[in-house]
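Per-entry structural report
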Amino acid sequence: MSTTQTPAPADAQGYTPIRAKAAPRPGTWISAAITALLVLGLISFLVTNPVLEWGTVATYLFDIKVVQGVGWTLLLTVLSMVLGTVVALTAAVMRRSDNPVLRGVSWAYIFVFRGIPVYTQLVFWGLFTVIVPKLVIGVPFGPELLSFSTRDLLTAFWAAVIGLGLNEGAYLAEIIRSGLNSVDKGQTEASKALGMSNGQILRRIIVPQAMRVIVPPLGNETIGMLKTTSLVLAVPFTLDLTFATNGIANKLFTPIPLLIVAALWYLAITSVLMVGQHFLEKHFGRGFDDRTPATGRGTRSRQAAVNRAGTTPHDPLPEVEL
Amino acid sequence: MTPESQNPQHPQNPQHPAEPSAAPASSTAVIQVEGVHKSFGDLHVLKDCDLTVRSGEVAVLVGPSGSGKSTLLRCINQLEEPTAGRVLIDGVVQGYDSDPLPDGRWQKLTSAQIAAQRSRIGMVFQRFHLFPHLTALGNVMEAPVQVRGLPKAAAEKKARALLERVGLADRADHYPSELSGGQQQRVAIARALAMDPELMLFDEPTSALDPELVSEVLTVLKDLAADGMTMVVVTHEMGFAREVADQVVFMDEGRILERGTPEQVIDHPESERLKGFLASVL
Ligand SMILES: Nc1ncnc2c1ncn2[C@@H]1O[C@H](COP(=O)(O)OP(=O)(O)O)[C@@H](O)[C@H]1O
Ligand SMILES: [Mg+2]
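None of these values were measured; they are calculated from a predicted model. (Residues numbered from 1 in each chain as written. Chains lettered and ligands numbered in written order. Predicted model: local features only at pLDDT ≥ 70, side-chain atom pairs only at ≥ 80, totals over all residues. Heavy atoms only, no water.)

Below, the discussion takes up the overall build of chain A. Assigned secondary structure in chain A consists of 13 helices and two strands. Going through the 322 residues of chain A one by one, you find that 38% of them count as buried. Across chain A, contacts joining residues at least 24 apart in sequence account for 72% of those joining residues at least 6 apart. Surface summary for chain A: the accessible area is close to 19200 Å², and the carbon and sulfur share equals 68%. (Helix = DSSP H or I, 4+ residues; strand = E, 2+ residues; numbered from the N terminus. Buried < 20%, exposed > 50% of the residue type's maximum accessible area, 1.4 Å probe, protein only. Contact = heavy atoms within 4.5 Å. Areas by Shrake-Rupley, 256 points an atom, 1.4 Å probe, with all protein chains shown as cover.)

In structure tokens, the structure reads:
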């Protein structure tokens, strides 16, 4: 009650706010100093280490094969995630159905496609045209109505997309199912009372609300898929980023700089995907209390909603906020 | 009562709803609940309930918690299926074809037909159940656009008029999370009204509200009643019941124990159960 009466201007509300000095936080400074040292060391290591061959990295970073590889990898990621999401939504809705046949089919799909390594599945899809040379539409044991040669339809690229997508769908199905179940039953009742059909309720009411807790794990899955696409040589599909950089490395007998090229591109794509995820989360967060993630508080409560919904079966990675 | 009834707990076999009671219903009866029973497994929740609500009438349903008020309301718009008995709206059997099959069973309607029957009955819930991802306007427009196929522009015009009617014209673009409980409940009423319902069901519309917000919702209900809306209202607001109700119905342990004018039921209760109940809420 003594010296603090320096005439600080009373603000609009007519009182004088507290003039606070931050409490000392030596830990922050110490950890900053240690981190700075480590980063400097890392930079000097990266710059001076001849094995890294930065010249080669620069030469091949925008090599036409590499850039095309980036394009194919992105295309594989996006298409297989779209396929996986559509299949997963179908499987999740079937799992929730009253119809025991649909529930059983969905369960069997998830059991099979989650239980077999994705590499094995990709090899299988690569050999599909050998195993099933002809697709026939007709009556079982009866006459054929239409038949296709699978070789004409199923190129290596589409075999890769189907293989990756069906595998992913089995994982996403559980995520989407938890998301759908997280929506309050009252929402369905209110929609029914308005005379909406089951399809309308799902499409207009349940799915948009479930997306809020589905999108964050979906983002993780997409980034996982980006990296899983490097397995498509099992099909074999040979135009993706990893195959392109490996091919160049084998020709030059210098694996390390081309690993760096691949790593830089994967990181770049991941960053782009994270931007997309950010906007999706913002879109589907509309109307919920944490609509503006600017403060960081919203992040916590969205993560809380995700955890409550159980759409991430394991401990989620710490969320990276843009 | 059907002779082949098998479950002794259910005087009427679920597949054989009761014949209409002796006198044919007055042409102005909007809701006829006839001998309705409802069981959840072994729990016999509704016991032989009869209720008639005529056009423009307000019926107030009172009774202790767990007495089956919500279940009865939900049977009226088929959110629950009666185990026995039947519900008629404007003389039309709900949930089944109007006539039994030759073998005496009743043909259930498809979910699309049931949805069409429901769309004529508005319902307002204790906990609002607004769609959180839609604005107030979006909530009110949703069913007319999706169910009735109303063009967006027409639906918006109508929705704005309804929000105005419940005193929320300036909140049209707010999300439910940005509205008070009383405002949310008024949006929920506007949402139900947007389907031009022939009758409205209210399940404790003010029980989840802070006391100072109750009257703004009751005012909307009174306006609706004055406009001639047929309504069934579950509430503990005895003042409202006295002022607005044409009939007050007292439920206890799944049975309708007393019914009559507010005067008869609230001021001159007969059973000890009703006396005890009134003492606890008045
Ligand atoms: N879906 C349900 N499954 C099992 N029991 C239920 C269900 N809905 C209501 N009940 C039971 O039915 C009884 C009546 O409930 P309700 O109609 O909600 O009473 P009220 O609205 O009068 O409080 C309660 O004992 C309740 O537990
Ligand atoms: Mg209730």
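Residues and elements named next belong to chain B. Ordered in space as β2-β1-β4-β5, the four strands form an open sheet in which the pairing is antiparallel. Here the strands that pair on one side only, and so sit at the sheet edges, are β2 (43–54) and β5 (92–93). Examined bridge by bridge, strand β1 (residues 29–40) and strand β4 (residues 84–89) share five bridges and lie antiparallel to one another. Across the sheet, Gln32 pairs through a bridge with Leu88, a residue of β4. (Pairing = 2+ DSSP bridges.)

Helical geometry note: an α-helix holds 3.6 residues per turn, so side chains three or four residues apart project in the same direction. All names here are of chain A. Listing the buried residues of helix α5 (residues 118–126) in full gives Val118, Gln121, Leu122 and Trp125. In a view along the axis of α5, the buried residues occupy a sector of 100°, so they form one face of it. Contact partners of the buried residues in α5: α4 (100–115), α6 (128–131), α8 (156–181) and α10 (198–228). (Arc of directions from axis to C-beta.)

Let us now look at unusual backbone geometry. Residue A:Pro236 is bonded to the preceding A:Val235 through a cis peptide linkage, with omega at 5°. Of note, A:Pro236 is situated in the loop between α10 and α11 (241–252). Positioned with a positive phi, A:Phe253 is a non-glycine residue whose angle comes to about 55°. Following the sequence through the fold, A:Phe253 ends up in the loop between α11 and α12 (255–284). Phi is positive for B:Gln78, close to 65°, though the residue is something other than glycine. Structurally, B:Gln78 can be placed in the loop between α1 (69–76) and β4.

A word on the interface of chain A and chain B. Taken together, the contact between chain A and chain B spans 22 residues of the former and 24 residues of the latter. Contact between chain A and chain B buries roughly 2100 Å² in total, counting both sides, with carbon and sulfur atoms accounting for 55%. Broken down residue by residue, the surface that chain A buries against chain B is led by A:Glu189, A:Ala193 and A:Leu194, which jointly contribute 27%. At the junction of chain A with chain B, the criterion picks out two salt bridges. A:Glu189 serves as the salt-bridge partner of B:Arg74, at 2.5 Å between the closest nitrogen and oxygen. Across the contact surface, chain A and chain B share six residue pairs in polar contact (both at pLDDT 80 or more). At the level of elements, α9 (185–193) and α10 of chain A are the ones that each hand at least two residues to the side of chain A that touches chain B. (Buried area = accessible area lost by both parts, 1.4 Å probe. Salt bridge = Lys/Arg side-chain N within 4 Å of Asp/Glu carboxyl O. Polar contact = N/O pair within 3.5 Å; in protein donor to acceptor, adjacent residues only side chain to side chain.)

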